[in-house]
Structure formats: C-alpha cells, structure tokens
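Architecture at a glance
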Amino acid sequence: MSWLRDIDRWFMSEVLPHSAAYRARAAHFCGREEAEDLVQEAYARVLATPDYKAITAPRGFVLVIVHNLALERLRRANVVRIDFLASMEMLEVADPAPDAFAVTSGRSELQFLLRLINDLPPQCGRVVHMRKIQQMPPARIAEELSISLSTVEKHIAKGLALITKARRERAVQAEEVCPTAPTPLRLPLT
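Quick caveat, the model's predicted, so the values are computed rather than measured. (Residues numbered from 1 in each chain as written. Predicted model: local features only at pLDDT ≥ 70, side-chain atom pairs only at ≥ 80, totals over all residues. Heavy atoms only, no water.)

Things to note about unusual backbone geometry
Negative phi characterises most residues that are not glycine, and trans characterises most peptide bonds. You will see that Q135, though not glycine, has its phi angle at about 55°, which is positive. Within the secondary structure, Q135 sits in the loop between α7 (122–133) and α8 (138–145). Overall, the relative accessible area of 63% leaves Q135 in the exposed class. A positive phi is found at S146, a non-glycine position, where the angle reads about 55°. Within the element layout of this structure, S146 appears in the loop between α8 and α9 (149–177). (Helix = DSSP H or I, 4+ residues; strand = E, 2+ residues; numbered from the N terminus. Buried < 20%, exposed > 50% of the residue type's maximum accessible area, 1.4 Å probe, protein only.)

Some details on the pattern of salt bridges
According to the stated counting rule, one finds eight salt bridges in the structure shown. A salt bridge links E72 to R45; the nearest nitrogen and oxygen atoms lie 3.7 Å apart. With a gap of 27 residues between them, E72 in helix α4 (residues 58–76) and R45 in helix α3 (residues 32–47) connect regions that are remote in the sequence. Classification of E72 as partly exposed rests on a relative accessible area of 29%. R45 sits in the partly exposed class, given a relative accessible area of 38%. For the salt bridge of R140 with E144, the shortest nitrogen-to-oxygen distance reads 4.0 Å. Linking R140 with E144, this pair stays in helix α8, spanning four residues, or about one helical turn. Among the residues examined, R140 registers a relative accessible area of 46% and is labelled partly exposed. Among the ionic contacts, a cluster of salt bridges with common partners joins E41, R45 and E72. (Salt bridge = Lys/Arg side-chain N within 4 Å of Asp/Glu carboxyl O.)

Here it is as structure tokens:
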C-alpha cells in the first residue's frame, strides 16, 4: 500500500477504529437514518484538516466535529422531530467561565506566587517578575537592568527553583494538615 498518503495511514489507524462511537453519537442527535451520512461528512472534514499531525486526540476531535455537524443540521432543518428537541437541550454547553471556587482558588494561588517572588533576593525577584508576570523577553530584561543575558537566565533559573521548592513545601504541609482518608476495610461476604 505504498500509494497511501501519510494522512491516509493516520486516518486508518487513529480515526477509523472508533467509527462505532461516531455513528452512535450521530444517531443520538440526528437518528439512525442520517447517522452514516453525518459521519461521512465528519470524515471529509477531518481529511481536509491541513495540520492533522497536531491533533492529539483524534477520537475526541471527530466526536466534536460530529457534534457540531449535528447542531448545524438541526439548526437548518425546517422540521425537527420532537424527540430530537431533547437532544438539542443536551447540546447546550455549560458556561465556560470559571466558577466562584476556581476564581477564588486562582486568586489565592496568584497571591501566594507574588509573595514568593517578593521574598526572592531583590535582583532575582525583579528578573522573575519581569519575565513571568510582565512576560518580557530575557534580552529586553538584560537591556533594561543593564546586566548580561547569562545573568538574567541564572536569576530566572534560581528564582524558579526557589519558587518550586516553596510550592512543594506548601503541598507537603497541606498533606500533613489534611491527610488522605484511610481506605475502608472490606469484609468478605458470607
């Protein structure tokens, strides 16, 4: 089969083995009659993808395409069967914005990291802040602080090592305060 392209080999090994899952998803949204047609259209879109090598989860990628194609068809349909209306409600995507816990947790983690950066030696802290918070390139940091690029890189490495060590120590302390629950003892059934 030397006439096969790389994308064809990739498609046969990574995408086709999951065809039953694609048909089941398509049937769920559009019915069994249209499922195969929908899957074939998804395959065509996958094969038209210019950078298929960047797809890290081909099965999930195709399932998302099937999902999106089903949405398109349901939106364009003049008449939608009543049993598919329930499927449309399931298609509603949850709000992608982080919930209150994620926001609070993120802020707490950011405050902790900023404290760690402030606790670094002055020059090291300044360099790490400029690189990681302000996202300045190392060459610009070196120029702005009138130090060599090598010194900037050493400060970044030292600062990140100290921050990593402090975060590990914090995680160990949290484990000591909140140890994991012991595994329950299972008694044999008689």
